[in-house]
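Chain by chain, the residues:
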Amino acid sequence: MARKPRPAKPRVIVTRRLPPNVEARMADLFDTSFNVGDVAMSRAELARAMAQCDVLVPTISDQIDAALIDAAPERLQLIASFGSGVDHIDLTAARRKGIIVTNTPGVLTEDTADMTMALILSVPRRLAEGEKLVRTGEWRGWSPSGMLGHRIGGKKLGIIGMGRIGRAVARRARAFGLSIAYHNRHRLPFEVEQELEAEWQPDLDALLTVSDILSIHCPLNGDSRGLIDARRIALLGADGYLINTSRAEITDEQALIDALEEGRIAGAGFDVYTHEPAVDPRLLALSNVVLLPHMGSATFEGRDATGARVIANIRTWVDGHRPPNQVLEGWV
């Protein structure tokens, strides 16, 4: 589809507040409109924004589906998403409409891996539960049987998805004495396996069976949605722990809550939820889970780097070149 010429100073609409220095740079470079109230846009507001700009800068909380994209005028030529995931954008509809989609891969790897490792430590050792005990004044002092958890040294960490974040988690986990097994669409090169001391497990069910702790790091797509269902949760066993800092929809949240309530798995750590920001009340009532507010990538450095990637993608597009982080066919 033939597109209009790219404007020298495009009209850019940003759906949420960004770090001040990022907004200042965008305001200087482009004709930019910001969401000053920082309240998530409604579907109608997204539609209006898409009708009024050359470039839309959404975040992962904005669902840009096929109907919104199909209704957008020809003026909208670029969706420069703030974040690495693109499961919130209908890529097929965007390609059909001739709209370029970009993301910001790689800049949040270390931050997300740090958060994941914190959950891997926190859940088996009951750190969050102990902190609440102190804050509520219910702690009655040290005792030989008080707040017993499980050491992680000597345990096996199973990783689903050995991309940038999965590998970064593996490096951290090895330092804590965990052995690493992983499941991935493609086996890693021998040299990478050697570096990470990671064992490839081609069968996902087998990975769950041998893992003491399971950490999810694959993207959300048609193959991974509901991947960890009730049957696979059962394979993890009553002594197993599950950590999810990727996308909630990869797990069957209700089946997972059932297993946690009934003691069929030992505990879990979550940074993502199926209906966020709403969290299932049953999860809130459980003591064997650690719940975080989708903050795996929430560092000043990470947000600044993400904004810089967005700006680079837009500037490269304005100059008539393919943006460095264009999401290509077959990304997922």
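This is a predicted model, so every value here is computed, not measured.

### What to know about the nonpolar core
Soluble globular proteins: nonpolar side chains tend toward being buried together.
Point 1. Judged by nonpolar contacts, the single largest core of 27 residues is most densely connected at I160, L214, I228, L260, F270 and L283.
Point 2. Counting residues per element, the ones that place at least two in this core are α9 (204-210), β9 (213-216), α10 (230-236), α11 (253-261) and β11 (267-270).
Point 3. Ranked by the residues each element gives to this core, the list is headed by α11, at five residues.
Point 4. Ignoring anything within four residues of it in the chain, the contact list for L283 reads I257, L260, F270, Y273, V289 and L291.

### Topic: the UniProt feature "domain: D-isomer specific 2-hydroxyacid dehydrogenase catalytic" (unreviewed entry) in the protein chain
Point 1. The positions UniProt marks with the feature "domain: D-isomer specific 2-hydroxyacid dehydrogenase catalytic" (unreviewed entry) are residues 14-327.
Point 2. Helix and strand shares over residues 14-327 are 39% and 13% respectively, and the end C-alpha atoms of the span are 19 Å apart.

### Focus on the layout of surface pockets
If a probe as big as a water molecule is rolled over the atoms, it shows which places are left empty.
Point 1. Size it by volume and the second largest pocket reaches roughly 390 Å³.
Point 2. Counting only elements with at least two residues in the lining of the second largest pocket, the list comes to α5 (109-125), α6 (127-135), α12 (281-284) and β12 (289-291).

### Remarks on the packing of aromatic side chains
Point 1. With the rule as written, the count across this model stands at one aromatic pair.
Point 2. Ring geometry for F270 against Y273: centres 6.4 Å apart, planes inclined by 45°, an arrangement best described as tilted. Note on accessibility: F270 and Y273 belong to one class, buried.

### Some details on the sheet that holds β12
Point 1. In spatial order, the strands read β8-β7-β6-β9-β10-β11-β12; together these seven strands make up an open sheet with parallel pairing. The sheet is open, and its two edges are formed by β8 (198-200) and β12, each paired on a single side. The average angle at which neighbouring strand axes cross in this sheet is 20°, direction not considered.
Point 2. Sheet topology note: the strand β6 (residues 156-160)/strand β7 (residues 179-183) ladder contains five bridges and is parallel. Pairing of L157 across the sheet is with I180, part of β7.
Point 3. Here α11 sits on the sheet and contacts β10 (241-244), β11 and β12; the angle it forms with β11, its principal contact strand, is near 140°.

### A closer look at the environment of P293
Point 1. For P293, the position within the fold is in the loop between β12 and α13 (300-318).
Point 2. Accessibility expressed as a relative area gives 61% for P293, which makes it exposed.
Point 3. Remark: the alpha-carbon pair of P293 and A278, spanning 15 residues in sequence, is separated by 10 Å.

### Some points on the pairing of β7
Point 1. Counting buried residues along β7, four of its five residues qualify, which places the element largely inside the surrounding structure.
Point 2. Viewed along the sheet, the connection from β6 through helix α7 (residues 164-175) into β7 turns out right-handed.
Point 3. Bridge analysis of β7 against β8 gives three bridges, and the strand direction is parallel. Across the sheet, residue A181 finds its bridge partner in β8, namely E199.
Point 4. For the handedness criterion, the β-α-β arrangement of β7, helix α8 (residues 190-196) and β8 is classed as right-handed.

### Things to note about helix α2 (residues 43-51)
Point 1. Listed as buried for α2 are L46, A49 and M50. In a view along the axis of α2, the buried residues occupy a sector of 95°, so they form one face of it.
Point 2. Where α2 is buried, its residues contact β1 (11-14), β3 (55-57) and α3 (66-71).

Definitions and limits used
Residues numbered from 1 in each chain as written. Predicted model: local features only at pLDDT ≥ 70, side-chain atom pairs only at ≥ 80, totals over all residues. Heavy atoms only, no water. Core = buried A, V, L, I, M, F, W, Y, C linked by side-chain atoms within 4.5 Å. Buried < 20%, exposed > 50% of the residue type's maximum accessible area, 1.4 Å probe, protein only. Helix = DSSP H or I, 4+ residues; strand = E, 2+ residues; numbered from the N terminus. Contact = heavy atoms within 4.5 Å. UniProt positions renumbered as here; feature names shortened; annotations may be inferred. 1 Å grid on protein atoms, 1.4 Å probe; cavity = no way out; pocket = protein on both sides within 12 Å on 5 of 7 lines; lining within 4 Å. Points joined across faces, edges and corners; volume = space filled by probe spheres on them. Phe/Tyr/Trp six-rings, centres within 6.5 Å; stacked < 30°, edge-to-face > 60°. Pairing = 2+ DSSP bridges. Axes fitted to C-alpha atoms, helices over the stretch in contact; angles between N-to-C directions. Right-handed = clockwise from strand over helix to strand, strands pointing away. Arc of directions from axis to C-beta.

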